[in-house]
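Remarks on the overall topology
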Amino acid sequence: DVSEVEAVSDALVAAAAQRRQSEAERERLLDAERDARAAAERAQARLGQLVSAGALLSRSLEEQTALAAIGSVIVPDIADICRIDLLDKDGVLQRKLTRHVDPEREAAMREFVSTHASSSESPGSFTWAVATGKTFLANLEPGDAERFTDPDFRRFVLDFGLGAACVVPLVARGRTI
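What you see is a predicted model; the values in this text were computed from it and never measured.

On to helix H3 (residues 103-115), then. Side chains of residues three or four places apart in an α-helix project in the same direction, reflecting 3.6 residues per turn. For H3, with 13 residues, the first-to-last C-alpha span of 19 Å sits near the 18 Å given by 1.5 Å per residue. Buried within H3 we find Glu-106, Met-109, Phe-112 and Val-113. Viewed end-on, H3 has its buried residues packed into an arc of 125°, placing them on one side of the element. H3 presents Pro-103, Glu-104 and Thr-115 as exposed residues on the side facing more than 90 degrees away from its buried surface. Where H3 is buried, its residues meet strand E1 (81-87), strand E2 (93-100) and helix H5 (151-159). You can read the cap of H3 off the contacts: a side-chain oxygen lies 3.0 Å from the backbone nitrogen of Glu-104, and it is on Asp-102.

Spelled out as structure tokens, the structure:
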């Protein structure tokens, strides 16, 4: 009977549509599981970094040891370069740590920062961060160095090939250190 064949055909079409829908849902769930697993692995890696940083920082209250621990956590896991300056009792920035993933470039960076100083009017400079209390964060594309008006800061960006920069004033007990 034609109506029975038509009913079977309709059932097969509906079953095929249901199967496609189930397969699409399965793929969506598998993608969501992969994304969740990747996020969990990233979170676990960050937690591992924090545990490591905590262990390093708890070893000593001596300034140089603590700063070296901070530098070893930041370079190379977070950034290629880390520089820490602290204000002395007279409010003058003193270079305390310079670290770079490449020891040769680290020596060049130490030399550069010892002979060049950006003004407190130059966003991104350490003196600017101290003066304003603001964080400087920038992703730098080729040619972006030209936007910096301070020649020393521009030269630093160019010489060390910065692709991103983050300068953060450290504040303890309400004062910038």
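Our next topic: the nonpolar core. With 17 residues, the main nonpolar core has Phe-136, Leu-140, Phe-148, Phe-156, Val-157, Phe-160 and Leu-162 as its most contacted residues. Looking at this core, the elements that each hand over two or more residues are H3, helix H4 (126-132), strand E3 (136-139), H5 and strand E4 (164-167). Not counting the four nearest positions on each side in its chain, Phe-148 is found in contact with Pro-123, Phe-136, Leu-140, Phe-153, Arg-154 and Val-157. Listed in part, the six residues of the second largest apolar core include Val-75, Cys-82, Ile-84 and Leu-97.

The residue Thr-98 is located in strand E2 in this model. With relative accessibility at 7%, the residue Thr-98 sits in the buried group. The contacts of Thr-98, once residues within four sequence positions are left out, are Cys-82, Arg-83, Glu-106, Met-109, Arg-110 and Val-113.

Next up on the list: the packing of aromatic side chains. Tallied over the full model, the rule gives seven aromatic pairs. On the numbers, 6.2 Å between centres and 90° between planes, the contact of Phe-136 with Phe-153 is edge-to-face. Remark: Phe-153 occurs in helix H5 and Phe-136 occurs in strand E3; sequence separation between them is 17 residues. Among the residues examined, Phe-136 registers a relative accessible area of 10% and is labelled buried. Classification of Phe-153 by relative accessible area gives buried; the value is 8%.

Procedures and definitions
Residues numbered from 1 in each chain as written. Predicted model: local features only at pLDDT ≥ 70, side-chain atom pairs only at ≥ 80, totals over all residues. Heavy atoms only, no water. Helix = DSSP H or I, 4+ residues; strand = E, 2+ residues; numbered from the N terminus. Expected span 1.5 Å × (residues − 1). Buried < 20%, exposed > 50% of the residue type's maximum accessible area, 1.4 Å probe, protein only. Arc of directions from axis to C-beta. Contact = heavy atoms within 4.5 Å. Polar contact = N/O pair within 3.5 Å; in protein donor to acceptor, adjacent residues only side chain to side chain. Core = buried A, V, L, I, M, F, W, Y, C linked by side-chain atoms within 4.5 Å. Phe/Tyr/Trp six-rings, centres within 6.5 Å; stacked < 30°, edge-to-face > 60°.

Everything listed is a geometric property; what it means functionally is a separate question.
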